[in-house]
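As a plain string of letters, each chain reads:
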Amino acid sequence: MIVAKVWKFEDNIDTDLIIPARYLNTSDEAELAKHCMEDADPDFVKKAQKGDCIVAGFNFGSGSSREHAPIAIKAAGISCVIAKSFARIFYRNAFNIGLTILELPETDKISEGDILEIDTKTGKIFNKTKNETYQATAIPEFMQELIESGGLFNYAKKMIQKGA
């Protein structure tokens, strides 16, 4: 269960808005985190707290296939991203690095500053601020294992250690 404050963004937040290309000369997670969402909201990293979430519209994460975008979000302490839809490569990269993402058609009902209780197992989202419940698409069990392991690399390492 995640309890998170919402930071709201619109449709078509591409990877250059998530982490501007001028910072892609590093793979240092802490450095990427400093610039997360900088071109969409210059004060985002100053305002966002560890455990907060991003809520957005359609096509979140479109653009580049590089993993820098979900890494920057996760390293900035964002617990999850909820959007109407995700670009497919961002969707896959998010799970590969262990970032929780949920698809929810009703993101327009959620406002910046709302407090959400998010059940990542079932996809049930309770908006504590508005006393409303939404149902996101549940994350498949295998993908939940990737998130719980901290990403694909850690999951594979765990499987090898288990002899699976």
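Structure: above.
Residues numbered from 1 in each chain as written. Predicted model: local features only at pLDDT ≥ 70, side-chain atom pairs only at ≥ 80, totals over all residues. Heavy atoms only, no water.

Novice: Sorry if this is basic, but what is going on with the pairing of strand β5 (residues 115–118) here?
Specialist: Side chains on a regular strand alternate between the two faces of the sheet. Every second residue of β5 is oriented toward a common face, the buried set being Leu116 and Ile118 and the non-buried set Ile115 and Glu117. In this sheet, strand β6 (residues 124–127) lies alongside β5 in antiparallel orientation, the contact comprising 3 bridges. Along β6, the bridge assignment pairs Ile118 with Ile125. Once β5 ends, the chain turns through 5 residues before running back antiparallel as β6, passing Gly123 with a positive phi of about 85 degrees. (Buried < 20%, exposed > 50% of the residue type's maximum accessible area, 1.4 Å probe, protein only. Helix = DSSP H or I, 4+ residues; strand = E, 2+ residues; numbered from the N terminus. Pairing = 2+ DSSP bridges.)

Novice: Would you mind going over the pattern of salt bridges with me for this structure?
Specialist: Think of it this way: side chains of opposite charge can pair up when their charged atoms draw near. Inspection of every chain in the model, using the stated rule, returns 10 salt bridges. Ionic pairing is found between Asp41 and Lys47, a salt bridge with its closest N-O pair at 2.8 Å. You can call Asp41 buried: its relative accessible area is 16%. Given the relative accessible area of 33%, Lys47 is considered partly exposed. Lys121 is the partner of Glu148 in a salt bridge, and the nearest nitrogen-oxygen pair spans 2.1 Å. Of this pair, Glu148 sits in helix α6 (residues 141–149) while Lys121 sits in the loop between β5 and β6; the two residues are 27 residues apart in sequence, bridging distant segments of the chain. Owing to a relative accessible area of 54%, Glu148 belongs among the exposed residues under this scheme. (Salt bridge = Lys/Arg side-chain N within 4 Å of Asp/Glu carboxyl O.)

Novice: Looking at this structure, I do not really get unusual backbone geometry. What am I missing?
Specialist: Apart from glycine, the bulk of residues carry a negative phi angle, and the bulk of peptide bonds sit in the trans form. Even without glycine at this site, Met37 takes up a positive phi of about 65 degrees. By the element assignment, Met37 lies in the loop between α2 (29–34) and α3 (44–47). Positive phi is not limited to glycine here, since Asn59 has a value of about 65 degrees. Position of Asn59 among the secondary structure elements: in the loop between β2 (53–56) and α4 (68–75).

Novice: How should the environment of Asp108 be read in this particular structure?
Specialist: Mapped onto the secondary structure, Asp108 falls in the loop between β4 (100–103) and β5. Sequence spacing of Asp108 and Gly57 is 51 residues, and the spatial spacing of their C-alpha atoms is 7.6 Å. Sequence-distant contacts of Asp108, defined by excluding residues within four places in its chain, comprise Lys8 and Lys84. (Contact = heavy atoms within 4.5 Å.)

Novice: What am I meant to see in the sheet that holds strand β3 (residues 80–83) here?
Specialist: Strand pairing in a sheet takes place through backbone hydrogen bonds and is either antiparallel or parallel in direction. Strand order in this open sheet of 7 strands is β4-β3-β2-β1-β5-β6-β7, and the pairing throughout is mixed. Of all the strands in the sheet, just β4 and β7 (132–135) have a single pairing partner and so form its edges. Taken over all neighbouring pairs, the strand axes of this sheet differ in orientation by 30 degrees on average, direction set aside. Here β6 pairs with β7 via 4 bridges, running antiparallel. When the sheet's bridge partners are listed, Ile125 is paired in β7 with Tyr134. (Axes fitted to C-alpha atoms, helices over the stretch in contact; angles between N-to-C directions.)

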